[in-house]
Amino acid sequence: MTSPFRITIIGAGFGALSSVREIRKRDREAEITLIAPRAELHYLPGIIWIPSGLRTREQLIVPLNNFFQRMNVRHMAAEVTGLRNGGRLVDTTVGEIPNDALVIASGGRFIKKLPGIEHAITPCEGIAAAEKIRDRLQALQEGTIAVGFAGNPNEPTAVRGGPMFEFLFGIDEQLRRERRRDKFELVFFNPSSEPGNRLGPKAVKHLLAEMKRRDIRTHLGHKMKGFEAKRVLTEGGSFPADLILFMPGMTGNAWFDQTELARSPGGLLQADAQCRVAGTEHVYVVGDSGSFPGPDWMPRQAHMADLQAAAAAENLLTGLRGGTPSDTFKIELICIIDAIDHGTLVFRNAQRQIILPPTRLFHWIKRLFESTYLKKYR
């Protein structure tokens with residue numbers, strides 16, 4: 001096979017767009033087709049600032065038409081419905097799309113099976129959810145605000161807890177700024193007695209100490225049972241809540257069921273160390289869609305998706321050119337847990353865990369990263 005190769009990418013989030021850049025760096029001639037309902041990047045790390053007014057919808061949605069034109073990418077405005085022929089045909093709502101190689105970066109899906117979960121807002125579902133939190137906060141005069149998250153019992157890594165700490169501390173800080181914190185009780189709940197343990201023991205100790213310092217009550221170590229209109233239900237008892245923010249664990253996209261791709265116990269696509277979907281040829285997965293070999297603390301964040309995209313691009317093109325894919329990706333966690341005007345830096349890799357206490361500098365570094373990152377796509 002000679003270039004131009006036909007490469008299809010599914011998704012328009014961090015993993016998908018990084019895959020475009022990484023493939024284009026290595027092959028200027030490949031025919032890249034990206035399938036996503038809209039030519040937009042929704043910068044979800046910034047939604048933590050929507051309730052306080054630091055960000056608006058317009059600031060967090062980046063049109064991708066210019067990026068696609070620069071990268072010579074054909075955008076198909078469609079939803080994927082399944083795969084055939086070992087991944088060589090992608091079925092979509094506008095017809096089938098053939099390829100020589102495929103990158104699946106369509107993200108994950110939140111498990112919304114708990115009874116009454118419609119009474120909770122799931123922040124990372126998108127900008128609209130953060131706007132709903134903003135509006136509910138403005139309307140509340142007093143009461144209890146409950147913030148929590150849980151995981152996928154069959155996939156320990158399929159959890160995204162970091163943003164929930166940011167919403168928790170951000171709301172606390174916002175209410176203090178508005179001089180009405182005394183009218184609210186904040187409660188953090190989690191099935192684990194050590195919430196955030198994937199960030200490392202030092203981070204858990206810091207987070208719990210910060211909650212105590214901020215007079216945030218905790219309800220930890222009790223399995224979730226569900227929700228009522230104004231109540232959180234756990235096996236360790238229930239408590240009232242006028243506003244509930246809850247992040248469930250993650251699983252694979254519904255359309256994965258219309259494929260023969262290997263799945264992990266938690267319903268994600270089973271990947272090897274080269275980001276290749278197990279048992280396939282020229283089918284790769286990046287980001288939240290995949291279950292990758294690695295430590296149980298391996299993060300689900302944009303930085304990790306970027307690292308996986310680089311490995312997937314290298315291996316995909318190596319395979320198409322007749323070589324043996326061998327690139328692996330670095331595993332590390334880097335995050336700034338923000339609280340509106342200051343942030344805590346957390347870093348973890350196989351050798352060390354570092355946590356640096358809150359400063360205004362880290363908040364501005366997070367904002368600078370956002371600006372720099374989005375410039376790639378504007």
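What counts and how
Residues numbered from 1 in each chain as written. Predicted model: local features only at pLDDT ≥ 70, side-chain atom pairs only at ≥ 80, totals over all residues. Heavy atoms only, no water. Helix = DSSP H or I, 4+ residues; strand = E, 2+ residues; numbered from the N terminus. Contact = heavy atoms within 4.5 Å. Salt bridge = Lys/Arg side-chain N within 4 Å of Asp/Glu carboxyl O. Buried < 20%, exposed > 50% of the residue type's maximum accessible area, 1.4 Å probe, protein only. Phe/Tyr/Trp six-rings, centres within 6.5 Å; stacked < 30°, edge-to-face > 60°. Lys NZ or Arg CZ within 6 Å of the ring centre and 35° of its normal. Domains from an automatic or database assignment. Buried area = accessible area lost by both parts, 1.4 Å probe. Core = buried A, V, L, I, M, F, W, Y, C linked by side-chain atoms within 4.5 Å. Pairing = 2+ DSSP bridges. Axes fitted to C-alpha atoms, helices over the stretch in contact; angles between N-to-C directions. Expected span 1.5 Å × (residues − 1).

## Some details on the side chain of Gln174
(1) Moving on: By the secondary structure assignment, Gln174 is in helix H5 (residues 162-177).
(2) Moving on: With residues up to four places along the chain from it excluded, the contact list for Gln174 reads Pro51, Ser52, Leu137 and Ile340.

## Re the pattern of salt bridges
(1) Moving on: The tally for this structure, following the rule as stated, stands at 29 salt bridges.
(2) Moving on: A salt bridge links Glu178 to Arg180; the nearest nitrogen and oxygen atoms lie 2.7 Å apart.
(3) Moving on: A relative accessible area of 38% places Glu178 in the partly exposed class.
(4) Moving on: With a closest N to O distance of 2.8 Å, Arg213 and Glu210 form a salt bridge.

## Thoughts on the packing of aromatic side chains
(1) Moving on: Tallied over the entire structure, the rule returns 16 aromatic pairs.
(2) Moving on: Ring geometry for Phe149 versus Phe165: centroids 5.6 Å apart, planes at 85°, classification edge-to-face. One end of the pair, Phe149, is in strand E11 (residues 143-149); the other, Phe165, is in helix H5, with 16 residues separating them in the sequence. Each member of the pair, Phe149 as well as Phe165, is classed as buried.
(3) Moving on: Members of the aromatic cluster, connected to one another through ring pairs, are Phe14, Tyr43, Phe67, Phe68, Phe369, Tyr373 and Tyr377.
(4) Moving on: Its end group placed over the ring of Phe239, Arg217 keeps NZ or CZ at 5.7 Å from the ring centre.

## A few points about the domain arrangement of the chain
(1) Moving on: Entries for the chain in the domain assignment read domain 1 (6-108 + 252-321) and domain 2 (112-249).
(2) Moving on: Each of domain 1 and domain 2 has a C-alpha centre, and these two points are 29 Å apart.
(3) Moving on: Here domain 1 and domain 2 share an interface that buries about 1,900 Å² over both sides, 57% of which is from carbon and sulfur atoms.
(4) Moving on: When the buried surface of domain 1 facing domain 2 is broken down by residue, Ile48, Pro51 and Arg300 rank first, second and third, together holding 30% of it.

## Section: the nonpolar core
(1) Moving on: Leu34 and Ile104 are the most contacted members of the largest nonpolar core, which has 109 residues in total.
(2) Moving on: In terms of residue count, the dominant contributor to this core is helix H7 (residues 302-320) (11 residues).
(3) Moving on: No fewer than three residues from each of domain 1 (6-108 + 252-321) and domain 2 (112-249) sit in this core.
(4) Moving on: Sequence-distant contacts of Leu34, that is, excluding residues within four places in its chain, are made with Ile9, Gly11, Ala12, Ala16, Leu17, Val20, Phe68, Val73, Arg74, His75 and Met76.
(5) Moving on: Ala120, Ala146, Ala241 and Ile244 belong to the second-largest nonpolar core, a separate cluster that totals 13 residues.

## Considerations on the environment of Cys275
(1) Moving on: Within the secondary structure, Cys275 sits in the loop between strand E19 (269-270) and strand E20 (283-285).
(2) Moving on: The buried category is assigned to Cys275, whose relative accessible area is 0%.
(3) Moving on: It is 28 Å that separates the C-alpha atoms of Cys275 and Pro63, two residues lying 212 residues apart in sequence.
(4) Moving on: Those residues in contact with Cys275, other than ones at most four positions away along the chain, are Val283, Tyr284, Val285, Phe292, Gln308, Ala311, Ala312 and Phe329.

## Quick look at the sheet that holds strand E15 (residues 231-234)
(1) Moving on: Pairing is antiparallel across the open sheet formed by 3 strands, whose spatial order is E14-E15-E16. Edge positions in the sheet fall to strand E14 (224-228) and strand E16 (237-240), since each has one partner strand and no second. Looking at each pair of strands side by side, their axes are set apart by 15° on average, direction ignored.
(2) Moving on: Bridge count between E15 and E16: 4 bridges; the pairing is antiparallel. Each residue of the ladder has a partner; that of Thr234, found in E16, is Gly237.

## Notes on helix H4 (residues 127-139)
(1) Moving on: The first and last C-alpha atoms of H4 sit 19 Å apart over 13 residues, in line with the 18 Å expected at 1.5 Å per residue.
(2) Moving on: All of the buried residues along H4 are Ile127, Ala129, Ala130, Glu131, Ile133 and Leu137.
(3) Moving on: Turning to H4, the residues buried within the fold contact strand E3 (40-42), helix H2 (57-60), strand E4 (61-63), E11, H5 and strand E17 (243-247).

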